[in-house]
2 protein chains.
Amino acid sequence: MNLKELSRALELSQTTVSRALNGYPEVNAETRQRVEEMAAKLGYAPNQQARRLATGRAMSIGHVVPRSLHEMMNPVFMEFIAGAGEAYSQHGYDMIISVVGDQDVEDAYREIASRKKVDAVMVHGPRIGDNRPALLAELGLPFLIHGRIPGLEKTTSWIDVNNGQAFERATNLLLDLGHRRIALLNGLEDMDFAARRRAGFEKAHADRDLPVDPKLLRAADMTEPYGADSALSMLRQKAPPTAFLVSSMITAIGVARAIGLCGLKIGRDISVITHDDALSFLPNSGEVPIFTCTRSSVRHAGSRAAHLLIEKILPDPTTLVSEYLESELIIGQSTGPHQAN
Amino acid sequence: MNLKELSRALELSQTTVSRALNGYPEVNAETRQRVEEMAAKLGYAPNQQARRLATGRAMSIGHVVPRSLHEMMNPVFMEFIAGAGEAYSQHGYDMIISVVGDQDVEDAYREIASRKKVDAVMVHGPRIGDNRPALLAELGLPFLIHGRIPGLEKTTSWIDVNNGQAFERATNLLLDLGHRRIALLNGLEDMDFAARRRAGFEKAHADRDLPVDPKLLRAADMTEPYGADSALSMLRQKAPPTAFLVSSMITAIGVARAIGLCGLKIGRDISVITHDDALSFLPNSGEVPIFTCTRSSVRHAGSRAAHLLIEKILPDPTTLVSEYLESELIIGQSTGPHQAN
DNA sequence: TTGAAAGCGTTACCAT
DNA sequence: ATGGTAACGCTTTCAA
């Protein structure tokens, strides 16, 4: 069923039918009604490819995912995608995901741009000194960054959690509880979010003139064994930490495992605060959440990001938008006062 | 840069240029060379939308993801997507992901079909009595199932792990170690894979004329708290299990947490075997893997699925393919002989 | 308020 | 081996 057939069935021109269906004002109300009914009856839907060619709009948003990003951000990324995907659907946009090797990111963007596959792209996992904004500007591809790139906050569009403040508050909570040896198990610090978290951690210490022990700082891919191995070795050193601040639930689970292996009790002997991206398969909720955490729904971030991209940036690609997302500090069972020994 | 401009620059017809670029045999070798060089020099790439319209092929594969599926399968799904995505790229296909409400799956497929958005779809999370194959057949959309649907094994194309056999082997390992009270923490059993795992578990018992205690069987979304809560309550009952067979690493981590909370040691006091989908952010490897597991890379599954879909099914949609994936039984630190008390 | 017809950028058929 | 031209199915400009 295509436009020609539909218009023949209605004994109208393709022009009128198209206009009726696309909400053009000059169409007679009852004509429009007739058209819509017939279209529904015959199950007509405009061919996407033809419409794309005619309008020059791809009606899709691209996500280029370098493999290394995916490796480490896998579950977080998926949750973001889920949020964004729903928003795209609501606006009639398709989501195109390209999984490419780390070396092929630039090629992928160039290809996407020259073939006009998408109207805009979402940029994931911004790093310090990230050159994607420059490339995308050159290619004329509108984009929105999930996160920020230092130095480009004013000249790019982004949506981000206030990571620095969240980790500063979490650190202060631990300091208020009397902890003085707090370990930070961070994500890789060439990622902007991780750098900001570390800065927040250090600021909380600096504000009280407290030192930070470099032996208590780690940064790596946020896996479960990373948490377990790091916590284990730190807890076994001569001056062990009494609290951990951790960048992801998965890593925190590893920390909890290590604490158990040492015969200690989380919340009583050792305090743990983790960032919680509110992943659906890792619920940290209920009456009392397992982990005290800084929580921010990455799924909601995806949804907001998609809306901003479609509603603000696409209509006028010169628009710059930036938005902060809420982050809560939630008290669970994994924190308690420092125990003097 | 479009075909018209390129052909003008070459002083050739669009026809010839198109043929040269698309590898048609009748083109003079040196002409082709000239064309290719010029195309590279000018950075020409055929407009995807125009090509799609002209060929009638969308050059994309669709993934319709119901929200509920995504909720529970999130990390597994993402890993599959990563594998499939790479394969699509290699073949020049785009991956379109539609995240929709559970009620809107059928509509989504109908829309996709009538707008000719994709050439084929991948079906995720097959359930018992799943009606998607019938719908897709009606819509004329070629498809491949990740998993199988009971009763449709012979009439649909699919790729699957031998879940039943994997869990039967795992159960036998535990039985060989002397365990007689083995708990099964399964995924939701209206999902085909979970039903097959349970069948394998029961078969291993039946083959030795051993009973299965219904109190030791659970089925739910495979979250971490599900594992922890289930294990906790089972370990506290009067006749506790001495071993757990678990459907996912995440749930197994919960089980490990519960075992620790009970003051027991995994592998010594309580044995655990889990299925391991080889998720990149949950590595279970190293010298000695933490968990004894049945392992099968879901990422590899995605890759194979994409290849089969593109190479076998798309060229001839009447083709039926089915493929079993390897699953290894890997001994880790979480299993040991039954301790007589 | 409606319609005819010209694109949109390819591919593919039919000539030459 | 190469070129002319008609699709592909829609949107949009120009006329009426």
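Residues numbered from 1 in each chain as written. Chains lettered and ligands numbered in written order. Predicted model: local features only at pLDDT ≥ 70, side-chain atom pairs only at ≥ 80, totals over all residues. Heavy atoms only, no water.

Under an unreviewed UniProt entry, chain A has the name Substrate-binding domain-containing protein and belongs to Roseibium algae.

## What to know about the pattern of salt bridges
Residues and elements named next belong to chain B. Taken as a whole and judged by the stated rule, the model has 48 salt bridges over all chains. Where Glu-79 meets Arg-299, a salt bridge forms, and the shortest distance between an N and an O atom there is 4.0 Å. Taken together, the residues Glu-79 in helix α5 (residues 67-90) and Arg-299 in helix α12 (residues 298-313) connect sequence positions 220 residues apart. In terms of burial, Glu-79 and Arg-299 fall into one category: buried. In this structure, Asp-130 and Arg-127 form a salt bridge, with 3.7 Å as the shortest nitrogen-oxygen distance. (Salt bridge = Lys/Arg side-chain N within 4 Å of Asp/Glu carboxyl O. Helix = DSSP H or I, 4+ residues; strand = E, 2+ residues; numbered from the N terminus. Buried < 20%, exposed > 50% of the residue type's maximum accessible area, 1.4 Å probe, protein only.)

## Digging into the relation of the copies chain B and chain A
Once chain B is rotated about the relating axis by 180° and shifted along it by 0.0 Å, it coincides with chain A to within an RMSD of 0.1 Å. Read as a symmetry element, the transformation amounts to a two-fold axis. When you check the interface residues of chain B against chain A, 100% turn up at the interface there too, and the contact is symmetric in its surfaces. (Least-squares fit on C-alpha atoms with pLDDT ≥ 70 in both. Contact = heavy atoms within 4.5 Å.)

## Some details on the interface of chain B and chain A
Across the contact, 44 residues belong to chain B and 44 residues belong to chain A. Regarding the contact of chain B and chain A, the summed buried area is about 4400 Å², with carbon and sulfur atoms giving 58% of it. Its largest share of buried area at the contact with chain A, chain B owes to Gln-49, Arg-115 and Phe-281 of chain B, together 16% of the area lost on that side. On the surface where chain B and chain A come into contact, there are four salt bridges. (Buried area = accessible area lost by both parts, 1.4 Å probe.)

## Focus on helix α10 (residues 224-236) of chain A
Given a rise of 1.5 Å per residue, 13 residues ought to cover 18 Å, and the 18 Å separating the end C-alpha atoms of α10 of chain A matches this to within 8%. Where burial is concerned, most of α10 of chain A is hidden: ten out of the 13 residues are buried. Looking only at α10 of chain A, the buried set comprises Glu-224, Pro-225, Tyr-226, Gly-227, Ala-228, Ser-230, Ala-231, Leu-232, Met-234 and Leu-235 of chain A. For α10 of chain A, the secondary structure elements touched by its buried residues are β6 (182-186), β7 (217-219), β8 (243-246) and α11 (249-261) of chain A together with α11 (249-261) of chain B. With a side-chain oxygen positioned 3.2 Å from the backbone nitrogen of Tyr-226 of chain A, the residue opening α10 of chain A is Thr-223 of chain A. (Expected span 1.5 Å × (residues − 1). Polar contact = N/O pair within 3.5 Å; in protein donor to acceptor, adjacent residues only side chain to side chain.)

## Notes on the protein's contact with DNA strand C
Surveying the vicinity of DNA strand C reveals 25 residues, the closest of which are Arg-19 and Thr-31 of chain A together with Leu-3, Ser-18 and Tyr-24 of chain B. Among atoms of DNA strand C positioned within 4 Å of the protein, sugar and phosphate together represent 58%. A distance of 2.6 Å separates a phosphate oxygen of DNA strand C from a polar atom in the side chain of Ser-18 of chain B. One of the side-chain N or O atoms of Arg-51 of chain B is found 3.1 Å from a phosphate oxygen in DNA strand C. Of the residues in the surface near DNA strand C, the class split is nine nonpolar, twelve polar and four charged. (Near = heavy atom within 4 Å. Nonpolar A, V, L, I, M, F, W, Y, C, P; charged D, E, K, R; others polar.)

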